[in-house]
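# Inside the fold
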2 protein chains.
Amino acid sequence: MLRTTTMIRFAPVNCGRLLVTRFLSTPREIVRYNLLKKLGHSAWVQRRTMASTVTKNSQGPTAIVMMNMGGPGSLDEVEPFLTRLFTDGDIIPLGPFQQKLGRFIARRRTPKVRKNYEMIGGRSPILPWTEIQGKEMCKILDTLSPQTAPHLPFPMFRYANPLTEDVLDRMKASGVRRAVAFTQYPQYSCTTTGSSLNELRVQLTKKNMTNDFTWSIIDRWPTQPGLIKGFAESIQAILDTYPKNEQDDTIIVFSAHSLPMTQINKGDSYINEVAATSYAVMQQLGFRNKYINAWQSQVGPTRWMAPQTMDVLTWLAKKGHKNAILVPIAFTSDHIETLHELEEYIAEAKALGMTGVRRMPGLNDNASFIKGMADLVAGHLQKNERFSTQFLMCCPGCNKESCKLRKEFYNKLVKQRTCEPLISETQNASGICV
Amino acid sequence: MLRTTTMIRFAPVNCGRLLVTRFLSTPREIVRYNLLKKLGHSAWVQRRTMASTVTKNSQGPTAIVMMNMGGPGSLDEVEPFLTRLFTDGDIIPLGPFQQKLGRFIARRRTPKVRKNYEMIGGRSPILPWTEIQGKEMCKILDTLSPQTAPHLPFPMFRYANPLTEDVLDRMKASGVRRAVAFTQYPQYSCTTTGSSLNELRVQLTKKNMTNDFTWSIIDRWPTQPGLIKGFAESIQAILDTYPKNEQDDTIIVFSAHSLPMTQINKGDSYINEVAATSYAVMQQLGFRNKYINAWQSQVGPTRWMAPQTMDVLTWLAKKGHKNAILVPIAFTSDHIETLHELEEYIAEAKALGMTGVRRMPGLNDNASFIKGMADLVAGHLQKNERFSTQFLMCCPGCNKESCKLRKEFYNKLVKQRTCEPLISETQNASGICV
């Protein structure tokens, strides 16, 4: 059991504006959090590289590269973060004026977004959470897969520090040879995991590092049992905060970042994988509550996947419902969309009469979830997987060059494994296949 | 194992225009099929009511009402079928002119649709298949749940014979007291299962029969293990018809009837449950093939869920793919959409260069699927379920009177069970709870 789990689970969830430090409010946790900050993640990774627990025959160190969008680490990083976001044609396609228009939009939105970050403590909590997840996951991984130990977690963000190019340097400095690109988006979309992998492709090529590591990819994991258990536990914990006689009438609103319909109409698998996750979570919870899949954070005038989360709350309020739990089903760590945007929805819903809308915190350091991540990576290493079969399927209706390049690049980069799996069926250790 | 399974599984699937009798091409099957037709379903049900195998303490007979859209039993039934379909505001909302406009559209479409039915043997195969499924399911149910035996299958169709009003009469004549309204659409939509249950509500009220049977409802079952196994076996059987070296490059295209976006934007759960089914099927198959969820049978100028099945095939053809399997994921029996429409897509795809597109036949009499249905109903009876929790959730964005009425009607009609479950955890029989 991780130390913060109990505290997080029973933290008041409908508490208006949240500060990231409020997640870490016991003296022990504050010491731990500050120590982590002081030491720096790299120092911790460095220490682990030299760790004495590594088995003699290990082929490690193995980098577990935790890919995500990231978030600004300070208010001054908001503009560079938005600039990277809006100039990324994979997530926000702006045509031939991508760079200029992207910079312009980023500059215009910075003041408003800065204010939002001020409200959640002046920085995104996504990096601290990813670092905690990585450390705990790697501890378990060292036990599950000593042949590939030590496992070193490397958060790698698409739009914020630590950026891809810097992480690659750190990986090299840490003596890593084997690397798993492990997306932290459980459900695949070309706009998220696809974009991160495009950036990795670009940086590996630019830095002439394609031969420096032996790569494999975990590109989607929408129904991984630990992930599902983590969601179910976290939802149950919030359900338990309602009076007993209100629990059955509390509606579970799964809220995922929406996508433009143009993307969905091309065949992007994201919404289907989100649906697979939410269905599996409800199955784990025994379908005791009503639920709905909703979509948040739509921007611009085009058509996006609906129903929108705020519309759902408005409609439920009109129908006389009081209680709902907002579940951020497509993110695993808290960040601006879960901390600020969902709180805004809650405030709006309250004004409409839905007085009992509460927010499920991100999975963050939920122990079942982190154990699930470790199981997933261990299984991936043991089976010598390259990536999912689905990874080589470009959306049928898409002709983007970046998608084609990604597919070709990784199909070449990630070698076919020809030797035996790392762990045989009887769990005897055998050699690592690189 | 059911008798026809092997034959169906290895029947040539890409055989152009199909006749329903081609599914039943061995002498033994033809004898069986003709006997069924001659005896008539009612006669068979009658005989079972008197059957000597029923246990003395049974609370049966229990009607398993198999609700579906149905299809015309002859070419002359095409127009009445289309008229019922287009005048049903639950599935095709035409506003205040529903009746007049619906009749007009039905009349106009009849000649074309008649031709389509001519091509598949002059009638829809949905009733014969449903009768076979019902008989086989009930045989298993009698063993699994002797307390509620005999179980009598009653196909009940929304737009074709046997219509709701007639089936209710037959149920009464058969001495039925307990009835399970068992939707044959695995994934719930207000436009399908919702419409069937609305019709049942209307007819029960009209015929003053609300107290004649003790009802419960199986309103959705998108990931029932037997259903998933049935799909996986059927897909594997088609995969096995490709040369070994082509199997990995064969793309699985799950094709479900599309829905207008207006319906989805209100919060209809259908597309999410379809995604849960297809994901579970791929999981069962070990994710060895690439796959995509696509949507077929769009009509009219409004926006519907996409990508459309034919678009997907067109795009795949452009990208140089040759092989794909079309899987009718939202129907369990063959009918016009699976037999005729998918064959049309296959012919079009062939013209575009996709020479290896094949169609998975409906689950029809797949043994795993039928065992799954029996397990589902047995569990439902044993747990004394009313309906799913989700069933009382109207789409948040919908204010249709029929939806509200349905919810209220069944919440009242289907009694809360207060006694012990039918079968205790140790599988000892106890009394039935009505």
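Rules used throughout
Residues numbered from 1 in each chain as written. Chains lettered and ligands numbered in written order. Predicted model: local features only at pLDDT ≥ 70, side-chain atom pairs only at ≥ 80, totals over all residues. Heavy atoms only, no water. Contact = heavy atoms within 4.5 Å. Buried area = accessible area lost by both parts, 1.4 Å probe. Helix = DSSP H or I, 4+ residues; strand = E, 2+ residues; numbered from the N terminus. Nonpolar A, V, L, I, M, F, W, Y, C, P; charged D, E, K, R; others polar. Domains from an automatic or database assignment. Salt bridge = Lys/Arg side-chain N within 4 Å of Asp/Glu carboxyl O.

### As for the interface of chain A and chain B
- The interface is formed by 40 residues belonging to chain A together with 40 residues belonging to chain B.
- A buried area of about 3200 Å², summed over both sides, lies between chain A and chain B, and 62% of it is on carbon and sulfur atoms.
- Looking at the side of chain A facing chain B, the largest losses of area belong to Tyr279, Lys290 and Pro396 of chain A, adding up to 17% of the total buried there.
- Those elements giving two or more residues to the side of chain A that touches chain B turn out to be helix H11 (261–265), helix H12 (270–284), strand S6 (291–296) and helix H13 (309–318) of chain A.
- In terms of residue count, H12 of chain A provides more of the side of chain A that touches chain B than any other element does, 7 residues in total.
- When grouped by side-chain class, the residues that make up the side of chain A that touches chain B number 23 nonpolar, 11 polar and 6 charged.

### Section: unusual backbone geometry
- Going from glycine 60 of chain A to proline 61 of chain A, the amide bond is cis rather than trans, its omega being 0 degrees.
- Considering the arrangement of structural elements, one finds proline 61 of chain A in the loop between helix H3 (41–49) and strand S1 (62–68).
- A positive phi angle, near 45 degrees, is found at asparagine 364 of chain B, a position not held by glycine.
- By the secondary structure assignment, asparagine 364 of chain B is in the loop between strand S8 (356–359) and helix H15 (367–382).

### Observations regarding the domain arrangement of chain A
Residues and elements named next belong to chain A.
- Domains assigned within chain A are domain 1 (40–71 + 124–220 + 366–413), domain 2 (75–119) and domain 3 (225–359).
- Of note, the centres of domain 1 and domain 3, computed from C-alpha atoms alone, are 28 Å apart.
- Across the boundary between the two partners, domain 1 contributes 24 residues, which contact 24 residues of domain 3.
- Taken over both partners, the interface formed by domain 1 and domain 3 buries close to 2000 Å², and the fraction arising from carbon and sulfur atoms is 56%.
- Among the residues of domain 1 in contact with domain 3, Gln187, Ser368 and Phe369 are the three that bury the most area, contributing 28% of the side total.
- Where domain 1 meets domain 3, there are 1 salt bridge.
- Note that glutamate 273 and arginine 220 form a salt bridge whose closest N and O atoms lie 2.8 Å from each other.

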